[in-house]
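Fold and geometry: a report
Residues per chain, in single letters:
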Amino acid sequence: MTEQLGLPKEILACLFDLDGVITKTAVVHAAAWKRTFDEFLQHRDGDAFRPFDDADYNDHVDGRPRADGVRAFLASRGIELPEGSADDPPDRATLQGLGNRKNTLLLELIRSGGVEAYDGTLRYVEAVRASGLRTAVVSSSTNCQDILRAVGAESLFEVRIDGVVAAERKLPGKPNPDTFLAAARDLGAEASQAAVFEDALAGMDAGRSGHFGYVVGVDRVGQGAALRAHGADIVVRDLAELGENA
């Protein structure tokens, strides 16, 4: 049955990223990050500031826990800020404050525009479950459960390892493999028996370093070569292609 899903026969569990794989929220995250950093940089450097761009998003932010994304991007620009605390207001110039600003903007964008799922992914997950494979969602988002509920997909996943659970268990986020490894363990599978489905380069790095049995890169934005370079065993534009190509 796994071969009909385009997966190696050894796979027992499927671990899905949320944003960009299950839901069409990656573009919303990117917009929230851009506005957050552009406002910060313009306030800091004036009109001569260098805007946050797609390369910054892909290289430093995409797929990472919020605070890690802030930290990585600012380091790339040689900017140092105090760490701050998790309850810093979104207008405070700290790493945590900038992260909270991004989350505030993200929720505003989600409320105003709603959330959609990728139909091809939902059909694929349903086929995975019908084949008897185990399923988990693995996301750095602290809003993961609410987003899954909004698209009616919460019941498709037996295990959820998101930003909330990772903080409770003190699991480092992507590109470290720990959240994916925790999901596999919770499903009773070894890493070699689990497939990772990711659209972010940080997720590819996590899949490769965790020695998972199969790593599927989902290319929504034309970065197939980069996904392969970071460890994808196969790259598809939509998960529906896996069944078609089996």
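Notes on the structure in this doc start here. For clarity, every value in this text was computed on a predicted model and none was experimentally measured.

Turning our attention to the packing of helix 1 (residues 26–45) against helix 3 (residues 66–76). Closest axis-to-axis distance for the helix 1/helix 3 pair is 12 Å, and the angle between their directions is 45 degrees. By the angle between their axes, helix 1 is oblique relative to helix 3. Where helix 1 crosses over helix 3, the two elements pack in a sense that is right-handed. Between helix 1 and helix 3, the contacting residues are Trp33, Phe37, Phe40 and Leu41 on the first element and Arg66, Gly69, Val70, Phe73 and Leu74 on the second. When grouped by side-chain class, the residues that make up the contact of helix 1 with helix 3 number 7 nonpolar, 1 polar and 1 charged.

Below, the discussion takes up the pairing of strand 2 (residues 134–138). Judged by how many residues are buried, strand 2 sits mostly within the fold: 4 of 5 residues are covered. With 4 bridges joining them, strand 1 (residues 13–16) and strand 2 adopt parallel strand pairing. Bridge pairing in strand 2 links Ala13 to Arg134. Strand direction decides the pairing type here: strand 2 and strand 3 (residues 159–161), joined by 3 bridges, are parallel. Across the sheet, Ala136 pairs through a bridge with Val159, a residue of strand 3. Tracing the backbone out of strand 2, into helix 6 (residues 144–150) and back to the parallel element strand 3 gives a crossover that is right-handed.

Another point: the pattern of salt bridges. Scanning the entire structure with this criterion turns up 19 salt bridges. The salt bridge partner of Lys34 is Asp38, with a shortest N-O separation of 2.7 Å. Of the two residues, Lys34 and Asp38 both sit in helix 1, 4 residues apart, roughly one turn of that helix. With a relative accessible area of 34%, Lys34 lands in the partly exposed category. Asp38 sits in the buried class, given a relative accessible area of 14%. Between Glu83 and Arg71 there is a salt bridge, and its shortest N-O distance comes to 2.9 Å. Note that Glu83 is positioned in the loop between helix 3 and helix 4 (95–113) and Arg71 in helix 3, a separation of 12 residues in sequence. A relative accessible area of 33% means that Glu83 is categorised as partly exposed. It is possible to trace a salt-bridge network through shared partners that takes in Asp17, Lys174 and Glu198.

Basis of the calculations
Every chain's residues receive numbers from 1 upward, in the order its sequence appears when written. At least 70 in pLDDT is required for a residue's local features to be given in this predicted model, at least 80 for side-chain atom pairs to be given and counted, and no such filter applies to totals for whole chains, interfaces and linings, which use all residues. In computing side-chain values, all of the structure's heavy atoms are included and hydrogens and water are not. Only the stretch in contact is used when a helix axis is fitted, and all axes are lines through C-alpha atoms; the angle between N-to-C directions ranges over 0 to 180 degrees. The helix and strand labels rest on DSSP assignments: H or I over at least four residues marks a helix, E over at least two residues marks a strand, and numbering proceeds from the N terminus. An angle below 35 degrees is read as roughly parallel, one above 145 as roughly antiparallel, one from 65 to 115 as roughly perpendicular, and any other as oblique. The crossing is said to be left-handed when, going from far helix to near helix, the turn is anticlockwise and less than a right angle, and right-handed when the turn is clockwise. Only heavy atoms enter the contact rule, under which two residues are in contact if any of them lie within 4.5 Å. The classification used treats Ala, Val, Leu, Ile, Met, Phe, Trp, Tyr, Cys and Pro as nonpolar, Asp, Glu, Lys and Arg as charged, and all other residues, Gly among them, as polar. Note on exposure labels: buried denotes an accessible area under 20% of the residue type's maximum, exposed denotes more than 50%, and partly exposed covers the range between, all computed with a 1.4 Å probe on protein chains only. The rule for pairing is simple: two strands pair if DSSP sees at least two bridges between them. Orienting the strands away from the viewer, one traces the path from the first strand over the helix to the second; a clockwise path indicates a right-handed crossover. Every case where a carboxyl oxygen of Asp or Glu lies within 4 Å of a side-chain nitrogen of Lys or Arg is listed as a salt bridge.

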